[in-house]
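Residue-level structure breakdown
Okay, here's what each chain looks like letter by letter:
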Amino acid sequence: MIILMCLAAVAVIWWKAKEAQERALKAARAYCKNLGLQLLDECVVQGHWHFRRGDSSFLVVERIYQFEFTSTGYERYVGEVIMRGAKLVSVHVEPHVVQY
């Protein structure tokens, strides 16, 4: 019984992490589209994570995802998406060249 509970807990943790990653990818796509940037590789990569207090003052996992984008088609720049639980906290991109 304990083994089944542990397996179920691992499955839930994996499922929640996958869900957060998919939301982070959607946020990165939308952010790049709004700024006229091209999201490279169509993926986000989880950097680090830690526990933070959520809106209801319970501990939630804060995950930081990184992605690469380009504004010119030549240079690669790095952006990041911060997710707190399943909630989007922010999207940041590093300074980049803007083409008109």
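To be clear, the structure that these remarks concern was listed above.
Residues numbered from 1 in each chain as written. Predicted model: local features only at pLDDT ≥ 70, side-chain atom pairs only at ≥ 80, totals over all residues. Heavy atoms only, no water.

1. Let's talk about the overall build of the protein
Scanning the protein from N- to C-terminus turns up one helix and four strands. Element order for the protein, N to C, with α for helix and β for strand: α-β-β-β-β. On the principal axes, the C-alpha backbone points of the protein span a range of 60 × 30 × 20 Å. Looking at the protein as a whole, 27% of its 100 residues qualify as buried. Roughly 7200 Å² of accessible area belongs to the protein as shown, and the carbon and sulfur atoms make up 61% of that amount. Put simply, the protein has 12 plus and 10 minus side-chain charges, and the middle of one group is 9 Å from the middle of the other. (Helix = DSSP H or I, 4+ residues; strand = E, 2+ residues; numbered from the N terminus. Buried < 20%, exposed > 50% of the residue type's maximum accessible area, 1.4 Å probe, protein only. Areas by Shrake-Rupley, 256 points an atom, 1.4 Å probe, with all protein chains shown as cover. Lys, Arg positive; Asp, Glu negative; His and termini not counted. Charge placed at Lys NZ, Arg CZ, Asp CG, Glu CD.)

2. With respect to the packing of aromatic side chains
Tallied over the entire structure, the rule returns three aromatic pairs. What links up through ring pairs into an aromatic cluster is the set Phe67, Phe69 and Tyr77. (Phe/Tyr/Trp six-rings, centres within 6.5 Å; stacked < 30°, edge-to-face > 60°.)

3. Description of helix α1 (residues 2-35)
Between its first and last C-alpha, α1 extends 50 Å over 34 residues, near the 50 Å set by a 1.5 Å rise per residue. Turning to α1, its buried residues are Ala20, Ala24, Leu25, Ala27, Ala28 and Cys32. Packed against the buried residues of α1 are β1 (38-53), β2 (59-70), β3 (77-84) and β4 (87-93). Glycine 36 lies just past α1 and shows a positive phi near 75 degrees. (Expected span 1.5 Å × (residues − 1). Contact = heavy atoms within 4.5 Å.)

4. Let's talk about the sheet that holds β2
Adjacent strands of a sheet pair through backbone hydrogen bonds, lying either parallel or antiparallel. Taken together, the four strands give an open sheet; going across it, the order is β1-β2-β3-β4, and neighbouring strands pair in antiparallel fashion. Each edge of the open sheet is held by one strand with a lone partner, namely β1 and β4. The average angle at which neighbouring strand axes cross in this sheet is 20 degrees, direction not considered. In this structure, β1 lies alongside β2, joined through ten bridges in antiparallel fashion. From the neighbouring strand, tryptophan 49 faces β2, where its bridge partner is arginine 63. On top of the sheet, α1 reaches β1, β2, β3 and β4; it is set at about 130 degrees to β1, its chief contact. (Pairing = 2+ DSSP bridges. Axes fitted to C-alpha atoms, helices over the stretch in contact; angles between N-to-C directions.)

Geometric values such as these leave the question of function open.
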